[in-house]
Amino acid sequence: MTMHTEGRDIAASLSAASVRFGDFTALKDITLDIGAGEFWTILGPSGCGKSTMLRLVSDLVPPASGSVEILGKSTEAARLAREFAFVFQDATLLPWRSALKNVELPLEIGRKRGIAIPKGDRTPRELLELVGLDDRTDALPSELSGGMRQRVAIARALVCQPKLLLMDEPFGALDEMTRDRLNLQLLDIWKETGTTILFVTHSIPEAVFLGQKVLMLMAHPGRVKEVVDIDLPFPRDIALRETPEFNAYCSQLRRLLEEC
Amino acid sequence: MAMSETSATRTPAPRSLSAKDRTRLLNVAIPVGTAVSLLLIWQAGVRLFGVPQYIAPAPTDIIAVFFTEFPLLMRNFWPTLIESLAGFVVGNLAAILIAVAFVHSRTVERAFFPIAVFINTIPILAIAPILVLIFGPGIVAKVVIAALICFFPTLVNMVRGLQSVSPQALELARILSASKSEVFWKIRLPTSLPFLFSALKIAATTCVIGAIVGEWIGANVGLGALIIESTFNFRSPLLYATVFVSSGLSVVLFASVSLAEKFIVRW
């Protein structure tokens, strides 16, 4: 099912992919292979097309030229097979549904039309347990904090056991402490599920802390500036941030960002 | 429970009535007190200045008529209730269905929205005789008038409600490859419910106005007919009692919609 290039499985592959909105070129000639099971973070100045890139991969915007493949399939085929899931900056929960019902939503969509919905190894209830919300299954989104809502959104994204998880600044609106906690939790989830993650962020420390690779985009038009390998061992914990290696990566990325 | 708590704490320190209880008490006491005072002033004024009953009856006269003419009031209450309810259902159902059509087709919206606005600009009192001419003196004309008066606010609110889905929710639906009908039933319709209920609360009171206006034009039963009849016969206490029954009907409908909203829109 997956393509092999130089012996590594490819989760998503972009070749010379461009996105245009009218006359505006949002992304230009992106060529990139994202290995299966890898954790990529995407950094770049505002308007460089970070979100557009996730939308390109998730079949929300079509490429104007070039191509995008997910696990060797077209993005549309991958979407229909629920190979990927999306976590938005705003949790985007349906406010009338309980946490559990929100997690179950992907299993309901398409069921009546007889579409084969891939069921993950974990039930919605177990996923809420995985994100530490097993005691709030019946709570409505309005009764949950911002961090809890985002955890429900992550559980919902995992319910079809996606091979690729696209996250668009999911913790951007949260306070520092909550963000740190969720970063650690996300790394645990990544390790446990083995899914590939593409994670857009504004925060350099977050990009370094989470990513195996940091994709730096530059603006006007959006294109790849550099891919930086983050050679820090897993499992990572908060103490890692105090180390000189971590800070060296942060400085390197900050310099790159200034050049953009 | 709250009561016993207050009475238990009252004796040692009268001030310890909790702020929450006091607000709740004042919320009831202030409007009730004001209404009772106004009624007393009305009663005293009428008696003091010897106002003839046919010009302004005293509250006690109205209460008396309410008891003596209760069967008459009820006989005229039911037709108005039925017309109001039927108009409420028909008008709102039409508005909801047309709103759904508008949201799914820009062309339909462009074609019919100006007409809807135009119909809304015709004063209901001007269009009512036309509708009575068309539909005759029976119940149908009243239902149509009541439906018409409900229609526009619900249409506008429902269109807004259906369109108020966040772009991200639609992106989520797309990523899940949701069909148009799934998006409608699982996302758009629930999203619109708070907007719909705002409109239904307006409609709950206006549908009664519609039915009564319809009865003014041509009817021999109904609260509207009774208002006209008692006015022409100078039976002012009966007129006032009828007016209170009409407003009571509106209050009951409004309260029912509010109650339904409380059960349905829980978020």
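Residues numbered from 1 in each chain as written. Chains lettered and ligands numbered in written order. Predicted model: local features only at pLDDT ≥ 70, side-chain atom pairs only at ≥ 80, totals over all residues.

Colleague: An account of helix α1 (residues 50-57) of chain A is needed here, citing residue identities and associated values.
Modeller: For an α-helix, the turn length of 3.6 residues means that residues three or four places apart are oriented alike. The element α1 of chain A is extensively covered by neighbouring structure, given that seven of its eight residues are classed as buried. Among all positions in α1 of chain A, only Lys50, Thr52, Met53, Leu54, Arg55, Leu56 and Val57 of chain A are buried. (Buried ≥ 20, exposed ≤ 12 C-beta atoms within 10 Å, placed from the backbone. Helix = DSSP H or I, 4+ residues; strand = E, 2+ residues; numbered from the N terminus.)

Colleague: Go over the interface of chain A and chain B with me, naming the residues and quoting the values.
Modeller: Facing the 17 residues of chain A at the interface are 15 residues of chain B. For the side of chain A that touches chain B, the residue count by class is 10 nonpolar, four polar and three charged. (Contact = placed C-beta atoms within 7 Å. Nonpolar A, V, L, I, M, F, W, Y, C, P; charged D, E, K, R; others polar.)

Colleague: Which residues make up the nonpolar core, and what are the values?
Modeller: Ile42, Val57, Ala155, Leu166 and Leu198 of chain A are the most contacted members of the largest nonpolar core, which has 78 residues in total. The residues contacting Leu198 of chain A, other than those within four sequence positions of it, are Ile34, Trp40, Ile42, Leu54, Val57, Leu166 and Met167 of chain A. (Core = buried A, V, L, I, M, F, W, Y, C linked by C-beta atoms within 7 Å.)

Colleague: So, the environment of Lys180 of chain B: which residues are in play, and what are the values?
Modeller: Along the chain, Lys180 of chain B turns up in helix α9 (residues 180-217). The spacing of Lys180 of chain B and Leu72 of chain B is 108 residues in sequence and 53 Å in space, taken between C-alpha atoms.

Colleague: Tell me about the sheet that holds strand β7 (residues 84-87) of chain A, and please be specific about residues and values.
Modeller: Two orientations exist for strands paired in a sheet by backbone hydrogen bonds: parallel and antiparallel. Residues and elements named next belong to chain A. Reading across from one edge, β7-β8-β9-β4-β10-β11 is the order of the six strands in this open sheet, with mixed pairing throughout. Of all strands in the sheet, those bounded by a partner on one side alone are β7 and β11 (223-229). The average undirected angle you get between the axes of adjacent strands in this sheet is 20 degrees. The sheet strands contacting helix α5 (residues 146-158) are β7 and β8 (164-168), and the helix crosses β7 at an angle near 170 degrees. (Pairing = 2+ DSSP bridges. Axes fitted to C-alpha atoms, helices over the stretch in contact; angles between N-to-C directions.)

Colleague: Please provide a residue-by-residue account of the packing of helix α4 (residues 70-104) of chain B against helix α10 (residues 223-232) of chain B, values included.
Modeller: Residue and element names in this part refer to chain B. At their nearest, the axes of α4 and α10 sit 7 Å apart, and the two run at 135 degrees to each other. Classified by the angle their axes make, α4 and α10 are oblique. Here α4 contributes Asn76, Phe77 and Thr80 to the contact with α10, which in turn contributes Leu223, Gly224, Ala225 and Leu226. Per-class residue counts for the contact of α4 with α10 are four nonpolar, three polar and no charged. (Parallel < 35°, antiparallel > 145°, perpendicular 65-115°, else oblique.)

Colleague: I'd like a rundown of helix α3 (residues 99-108) of chain A, residues and numbers included.
Modeller: Listed as buried for α3 of chain A are Ala99, Leu100, Asn102, Val103, Leu105 and Pro106 of chain A. Looking at the residues trailing α3 of chain A, positive phi occurs at Gly110 of chain A, about 90 degrees.

Colleague: Tell me about the environment of Asp59 of chain A, residues and numbers included.
Modeller: Residue and element names in this part refer to chain A. Mapped onto the secondary structure, Asp59 falls in the loop between α1 and β5 (65-70). Taking the C-alpha atoms as reference points, Asp59 and Thr75, separated by 16 residues in sequence, lie 5.5 Å from one another. Dropping the residues within four chain positions of it, Asp59 is found in contact with Thr75, Glu76 and Arg79.

Colleague: For the packing of α9 of chain B against α10 of chain B, give the residues involved together with the corresponding values.
Modeller: How two helices sit against one another is set out by the angle between their axes and by the gap between those axes. All names here are of chain B. At a closest axis distance of 7 Å, the pairing of α9 and α10 adopts a crossing angle of 50 degrees. In terms of axis orientation, α9 runs oblique to α10. Crossing of α9 over α10 shows right-handed handedness. Residues Ala211, Ile212, Val213, Gly214, Glu215 and Trp216 of α9 form the contact with α10, whose participating residues are Leu223, Gly224, Ala225 and Ile228. Per-class residue counts for the contact of α9 with α10 are seven nonpolar, two polar and one charged. (Left-handed = near helix turned anticlockwise from the far one by under 90°.)

Colleague: Now, about the pairing of β11 of chain A: what can you tell me, with residues and values included?
Modeller: All names here are of chain A. Relative to β11, strand β10 (residues 213-218) runs antiparallel, the two being bridged by six bridges. The residue bridging Lys213 from the neighbouring strand is Asp229, located in β11. Here β10 folds back onto β11 in antiparallel fashion, the turn holding four residues, of which His220 has a positive phi close to 55 degrees.

Colleague: I'd like a rundown of the domain arrangement of chain A, residues and numbers included.
Modeller: Residue and element names in this part refer to chain A. Segmentation of chain A into domains returns domain 1 (3-83 + 163-259) and domain 2 (93-161). Each of domain 1 and domain 2 was reduced to a C-alpha centroid, and the two centroids are 24 Å apart. Facing 12 residues of domain 1, the contacting portion of domain 2 comprises 11 residues. Ranked by the residues each element gives to the side of domain 1 that touches domain 2, the list is headed by helix α6 (residues 176-193), at five residues. Split by residue class, the side of domain 1 that touches domain 2 holds eight nonpolar, three polar and one charged. (Domains from an automatic or database assignment.)

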